[in-house]
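Given next are the chains, with one letter for each unit.
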Amino acid sequence: MTRLSANMLALLVCLVLVGCGAPLGREAEEPAGGVNPTGEEAEAPGAPTGGRGDAEAYGAPIEIPAKTEDSGRPLDHMMKVIKDGIRRQCPRHELCVKVRVEARDRGSLSTCQFDETEPKQGSKVRQGSTVVIVTGKEPCPTPVTPDPGDSSPSTGKSPAPRSPDVLEPEVSP
């Protein structure tokens, strides 16, 4: 082996060893709580506990589904779109965030109409957090029942059917 080859090999070995070694600088500092005085390993908040507690790993952030111009759409439809979009991102496709509906003063929007989410649609949230679906405060339109003797079509608006998993909106001051 030539001297140049031997030097290249030594350099390569050094680079591999440095890459596999402990980090340098700030990353090399001991994390707070590493080992507690009893000798047991301390656990980070939200870390799995191996069955010794009820902490839960957070996992990947969940993006709140978004479409343009959703404000004013039927609440039931938007609840389904948002929940389905979140479930696709959750482990085992089970809803992994809490969804709460709140009614707020939103002009002419009713409690049957979606306005926005908090955090905003397209935002990322942690598993286990709460997403608020904001509706209007106005009462839902009353369905117009056609008179059996009237052959003309009804001109009234009827609210979207409510699914059983939709909670009644909370009215915020």
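Just so it is clear, the model here is predicted, and its values are computed rather than measured. (Residues numbered from 1 in each chain as written. Predicted model: local features only at pLDDT ≥ 70, side-chain atom pairs only at ≥ 80, totals over all residues. Heavy atoms only, no water.)

Right, let's talk about the overall build of the protein chain for a bit. On a plain count of helices and strands, the protein chain comes out with two helices and six strands. Look at the contacts in the protein chain between residues 6 or more apart in sequence, and 68% of them connect residues 24 or more apart. Summed over its atoms, the accessible surface of the protein chain is roughly 12300 Å², and 57% of this surface lies on carbon and sulfur atoms. (Helix = DSSP H or I, 4+ residues; strand = E, 2+ residues; numbered from the N terminus. Contact = heavy atoms within 4.5 Å. Areas by Shrake-Rupley, 256 points an atom, 1.4 Å probe, with all protein chains shown as cover.)

All right, on to the state of the cysteines then. Across all of its chains, the model carries two disulfides by this definition. Covalent S-S linkage joins Cys90 and Cys96, the inter-sulfur distance amounting to 1.9 Å. Disulfide Cys90-Cys96: the torsion about the S-S bond is -70 degrees, which places it as left-handed. Cys90 gets classed as buried once you look at its relative accessible area, which sits at 5%. Of the residues examined, Cys96 reaches a relative accessible area of 15% and is grouped as buried. Of note for the protein chain: the bonded cysteines, numbered N- to C-terminal, pair according to 1-2, 3-4. (Disulfide = S-S within 2.5 Å. Buried < 20%, exposed > 50% of the residue type's maximum accessible area, 1.4 Å probe, protein only.)

This part covers the pattern of salt bridges. For the structure on display, the rule yields ten salt bridges. Here Arg106 makes a salt bridge to Asp115, at a shortest N to O gap of 2.7 Å. For Arg106, a relative accessible area of 27% gives the class partly exposed. In this structure, Lys120 engages Glu116 in a salt bridge whose closest nitrogen and oxygen atoms are separated by 2.4 Å. (Salt bridge = Lys/Arg side-chain N within 4 Å of Asp/Glu carboxyl O.)

By secondary structure assignment, the location of Gln127 is in the loop between β4 (124–125) and β5 (130–135). Residue Gln127 is classed as buried on the basis of its relative accessible area of 15%. In this structure the side chain of Gln127 is engaged in a polar contact, spanning 3.3 Å, whose partner is the backbone oxygen of Ala60. (Polar contact = N/O pair within 3.5 Å; in protein donor to acceptor, adjacent residues only side chain to side chain.)

Bringing the nonpolar core into the picture now. Grouped together as the largest cluster of nonpolar side chains are 16 residues, with contacts concentrated most on Ile62, Met79, Ile82, Ile86, Val97, Val125 and Ile133. Contributing elements (two or more residues each) for this core: α2 (75–87), β2 (98–103) and β5. The element best represented in this core is α2, accounting for five residues. (Core = buried A, V, L, I, M, F, W, Y, C linked by side-chain atoms within 4.5 Å.)

Glancing now at the pairing of β5. Among the six residues of β5, five are classified as buried, and the element is accordingly described as predominantly covered. Alignment of β2 against β5, held across six bridges, turns out to be parallel. Looking at the pairing, Lys98 lines up with Thr130 of β5. In this sheet, β5 lies alongside strand β3 (residues 114–118) in antiparallel orientation, the contact comprising four bridges. The partner of Glu118 across the bridge, within β5, is Val132. (Pairing = 2+ DSSP bridges.)

With that settled, the discussion passes to α2. In this model α2 runs 18 Å from its N-terminal to its C-terminal C-alpha over 13 residues, within 8% of the 18 Å that 1.5 Å per residue would give. Residues Leu75, Asp76, Met78, Met79, Ile82, Lys83, Gly85 and Ile86 constitute the buried set of α2. Contact partners of the buried residues in α2: β1 (62–63), β2, β3 and β5. (Expected span 1.5 Å × (residues − 1).)

Bringing the environment of Met78 into the picture now. Here Met78 lies in helix α2. Classification of Met78 as buried rests on a relative accessible area of 0%. Considering only alpha carbons, one finds Met78 and Gln113, 35 residues apart in sequence, at a separation of 8.8 Å. Once residues lying within four places of it in the same chain are set aside, the contact partners of Met78 are Asp70, Arg73, Phe114 and Gln121.

Any link to function would need more than the numbers given here.
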